[in-house]
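A structural walkthrough
The residues making up each chain are set out below.
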Amino acid sequence: MSSLDLFDLSGRIAIVTGGGRGIGFAIAEGLATAGAAVVIADILKENGEKAGDAIRSKGFRSKFIPVDVTKRDSVQNLISKTLEEFGQIDILVNCAGIILRKPIEEVTDEEWNSIMDVNLRGVFLCSQMVGIEMIKRKQGKIINISSNISQVLQPGRGIYAISKAGVSHLTKVMALEWAPYHINVNAIAPAPTMTDLNKKYFEEHPEDLKERIRSVPLGRLGDPKDYVGMAILLASKASDFITGQTIFVDGGSILI
């Protein structure tokens, strides 16, 4: 076996929540190019269908299944349909998430609940329910999308930071408990990234954009494709002895 074979995902089945756009889509497409069949799981039907079509148009296997990661019955439906279509689940990428930019003193109960439900409870529900299937097979790879903001704080993003710190700690807990079943659980922590949604925000807040760029030693924001290589590594045999880690792919922002 060559060293490149360690990264081959042929025959693997991956679910990517939030796979309809941005970082989620980039990772889903990357896993597909490495050989995996990919389930695009997203609450936005139009985005999910377009993402699945785009991956299939390149000759790879992909299917869109709608999901609301905050609802247990919706997650169960995602798992059931994936097993019905593909027979197994080898890889789960928890990328569904939302952001809130607001000072702590202005955050409402509804905003707190929304951020925690999607960013943290959603990761828990999907991981718990997919984890049950992986425990049966005694194998699996779970990749959570955390954020550099779980460690490097930025003004006006406190609630988002708390949710992502929770994701990183949940990653450790699941990695420890599921290690006996040969399930690897790790997280990727991106820097601020120029997704379509963030592009609109930064166009309206150019000073914040300058500040975010100044906070990254490599001198730019992230691009969704910057996280594909790490996702392939963590989904593949190459990471069989890596678990419980939050890996910062952030242009060095954690250094300052």
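What counts as what
Think of each chain on its own: its residues are numbered from 1, step by step along the sequence as written. Only residues with pLDDT of 70 or above have their local features reported here, since the model is predicted, and side-chain atom pairs are shown and tallied only from 80 upward, although totals for entire chains, interfaces and linings are computed over all residues. Values shown for side chains rest on all heavy atoms present in the structure; no hydrogens or waters enter the calculation. Labels follow the DSSP assignment, with helices taken as runs of H or I lasting at least four residues and strands as runs of E lasting at least two, numbered in each case from the N terminus. C-alpha atoms define the radius of gyration, and 2.2 Å times the number of residues to the power 0.38 defines the globule rule. Summary of the burial criterion: residues with accessible area below 20% of their type's maximum are buried, those above 50% are exposed, and those between are partly exposed, where the area comes from a 1.4 Å probe applied to protein chains only. Contacts: residue pairs with any heavy atoms within 4.5 Å of one another. Using a 1.4 Å probe, accessible areas were evaluated by the Shrake-Rupley method; residue-level cover was limited to the displayed protein chains. Think of it this way: Lys and Arg go in the positive column, Asp and Glu in the negative one, and His and the chain ends go nowhere. Note that the charge is assigned to NZ on lysines, CZ on arginines, CG on aspartates and CD on glutamates. For this analysis, a polar contact is any N or O atom pair within 3.5 Å, provided that within protein one partner can donate a hydrogen and the other can accept it, and provided that sequence-adjacent residues contribute only side-chain to side-chain pairs. Only centres within 6.5 Å qualify two rings of Phe, Tyr or Trp (six-membered ring in Trp) as a pair; their planes then separate them into stacked at under 30 degrees, edge-to-face at over 60, and tilted for everything else. Placement of a positive charge over a ring is assigned whenever Lys NZ or Arg CZ falls within 6 Å of the ring centre and within 35 degrees of the normal to the ring plane. For the purposes of this section, nonpolar cores are sets of buried Ala, Val, Leu, Ile, Met, Phe, Trp, Tyr and Cys residues that join through side-chain atoms within 4.5 Å. Strand pairing is defined by DSSP finding a minimum of two bridges between the two strands. Handedness of a crossover is defined as follows: with both strands directed away from the viewer, a clockwise route from the first strand across the helix to the second makes it right-handed.

1. Some words on the overall build of the protein chain
Across its full length, the protein chain holds eight helices and seven strands. For 256 residues, the compact-globule formula gives about 18 Å, and the C-alpha radius of gyration of the protein chain, at 17 Å, lands near that figure. The dimensions of the protein chain, computed from C-alpha atoms along their principal axes, are 50 × 40 × 40 Å. Residues classed as buried in the protein chain amount to 50% of the 256 residues present. Expressed as a percentage of contacts within the protein chain between residues at least 6 apart in sequence, the contacts between residues at least 24 apart total 73%. If you sum the accessible surface of the protein chain, you get close to 12,200 Å²; carbon and sulfur atoms cover 55% of it. Where the 29 positive side-chain charges of the protein chain centre and where its 30 negative ones centre are 3 Å apart.

2. Concerning the environment of Lys200
Mapped onto the fold, Lys200 is located in helix α6 (residues 196-204). At a separation of 2.8 Å, a polar atom in the side chain of Lys200 contacts the side chain of Glu204.

3. Here we look at the packing of aromatic side chains
Across all of its chains, the model carries one aromatic pair by this definition. Positioned over the ring face of Tyr201 is Arg101, at 3.7 Å from the centre of the ring.

4. Quick look at the nonpolar core
Of all hydrophobic cores here, the largest spans 31 residues; its most connected members are Leu31, Val38, Val93 and Ile188. Secondary structure elements with two or more residues in this core: β1 (13-17), α1 (22-33), β2 (37-42), α2 (45-56), β4 (91-94), β5 (140-145) and α8 (228-235). Not counting chain neighbours up to four residues away, the residues in contact with Val38 comprise Ala14, Val16, Ala28, Leu31, Ala32, Arg61, Ser62 and Lys63. Counting 29 residues, the second-largest nonpolar core is a separate cluster that includes Ile15, Val123, Met129 and Val130.

5. Quick word on unusual backbone geometry
One non-glycine residue, Lys138, adopts positive backbone phi at about 55°. With respect to the helices and strands, Lys138 occurs in the loop between α4 (109-137) and β5. The exposure class of Lys138 is partly exposed, given its relative accessible area of 48%.

6. Observations concerning the side chain of Ser168
Among the secondary structure elements, Ser168 is positioned in helix α5 (residues 158-178). Residue Ser168 is classed as buried on the basis of its relative accessible area, which comes to 11%. Not counting residues within four places of it along the chain, the set of residues in contact with Ser168 comprises Ser146, Ser150 and Thr246.

7. Here's the deal with the pairing of strand β6 (residues 183-190)
Where burial is concerned, most of β6 is hidden: eight out of the eight residues are buried. Neither face of β6 is exposed, since Ile183, Val185, Ala187 and Ala189 on one face and Asn184, Asn186, Ile188 and Pro190 on the opposite face are all buried. Bridge count for β5 against β6 is six bridges, and the pairing is parallel. Each residue of the ladder has a partner; that of Lys141, found in β6, is Asn184. For the handedness criterion, the β-α-β arrangement of β5, α5 and β6 is classed as right-handed.

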